[in-house]
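The chain contents come next:
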Amino acid sequence: MTAVDVTFRYSGVLTAAQVRALNDAFSIYGIRRMDVDEAAQTITIEYDATRLSNDAVAAVLRRCRVAVGEQVVPA
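**Observations concerning the overall build of the chain**
Moving on, step 1. Counting its secondary structure elements, the chain contains two helices and four strands.
Moving on, step 2. Listing the helices and strands of the chain from first to last along the sequence gives β-α-β-β-α-β.
Moving on, step 3. Principal axes of the C-alpha set define a box for the chain whose edges measure 35 × 30 × 15 Å.
Moving on, step 4. A buried classification covers 35% of the 75 residues belonging to the chain.
Moving on, step 5. Counted over contacts in the chain with a minimum sequence separation of 6, partners at least 24 positions apart contribute 63%.

The following block contains the structure:
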């Protein structure tokens, strides 16, 4: 297993339905951890890179109806 963190910006305020959908995303094999920073409007996801890719993680967020913006590169 290769653990990778990826952070995406999102726009808007997360609704209760989106939060429930994000919680359900843990059922996707390979997603290990998810941190939402509402003040910075970012979502950081730790995933298993042998199972998923950054693009696949972004697609999961889109399926949760989160308006995903650019990927944030760590400073």
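**Things to note about the sheet that holds strand S2 (residues 31-37)**
Moving on, step 1. Reading across from one edge, S2-S3-S1-S4 is the order of the four strands in this open sheet, with antiparallel pairing throughout. Here the strands that pair on one side only, and so sit at the sheet edges, are S2 and strand S4 (68-72). Here the average twist between neighbouring strands, direction ignored, is 25°.
Moving on, step 2. Pairing geometry for strand S1 (residues 3-10) and S4, over three bridges, is antiparallel. Paired with Phe 8 across the bridge in S4 is Gln 71.
Moving on, step 3. Of the strands in this sheet, S1, S2, strand S3 (42-48) and S4 are in contact with helix H2 (residues 54-63), which crosses S1 at around 45°.

**Focus on the pattern of salt bridges**
When their charged atoms lie close together, side chains carrying opposite charge are able to pair.
Moving on, step 1. This model, assessed by the stated rule, comprises five salt bridges.
Moving on, step 2. The shortest N-O distance in the salt bridge between Asp 35 and Arg 33 comes to 2.2 Å.
Moving on, step 3. Owing to a relative accessible area of 37%, Asp 35 belongs among the partly exposed residues under this scheme.
Moving on, step 4. Residue classification places Arg 33 among the partly exposed positions, given a relative accessible area of 28%.

**Some thoughts on the side chain of Gln 18**
Moving on, step 1. Relative to the elements of secondary structure, Gln 18 occurs in helix H1 (residues 16-24).
Moving on, step 2. The buried category is assigned to Gln 18, whose relative accessible area is 13%.
Moving on, step 3. A distance of 2.7 Å separates a polar atom in the side chain of Gln 18 from the backbone nitrogen of Thr 15.
Moving on, step 4. When residues no more than four places from it in sequence are discounted, the contact partners of Gln 18 are Val 13, Cys 64, Arg 65 and Val 66.

**Quick word on unusual backbone geometry**
Moving on, step 1. In this structure, Gln 41 takes a positive phi of about 55° despite not being glycine.
Moving on, step 2. Summarising the element assignment, Gln 41 is placed in the loop between S2 and S3.
Moving on, step 3. One non-glycine residue, Arg 65, lies in positive phi territory at about 65°.
Moving on, step 4. Counting through the fold element by element, Arg 65 comes out in the loop between H2 and S4.

Calculation rules
- Residues numbered from 1 in each chain as written.
- Predicted model: local features only at pLDDT ≥ 70, side-chain atom pairs only at ≥ 80, totals over all residues.
- Heavy atoms only, no water.
- Helix = DSSP H or I, 4+ residues; strand = E, 2+ residues; numbered from the N terminus.
- Buried < 20%, exposed > 50% of the residue type's maximum accessible area, 1.4 Å probe, protein only.
- Contact = heavy atoms within 4.5 Å.
- Pairing = 2+ DSSP bridges.
- Axes fitted to C-alpha atoms, helices over the stretch in contact; angles between N-to-C directions.
- Salt bridge = Lys/Arg side-chain N within 4 Å of Asp/Glu carboxyl O.
- Polar contact = N/O pair within 3.5 Å; in protein donor to acceptor, adjacent residues only side chain to side chain.

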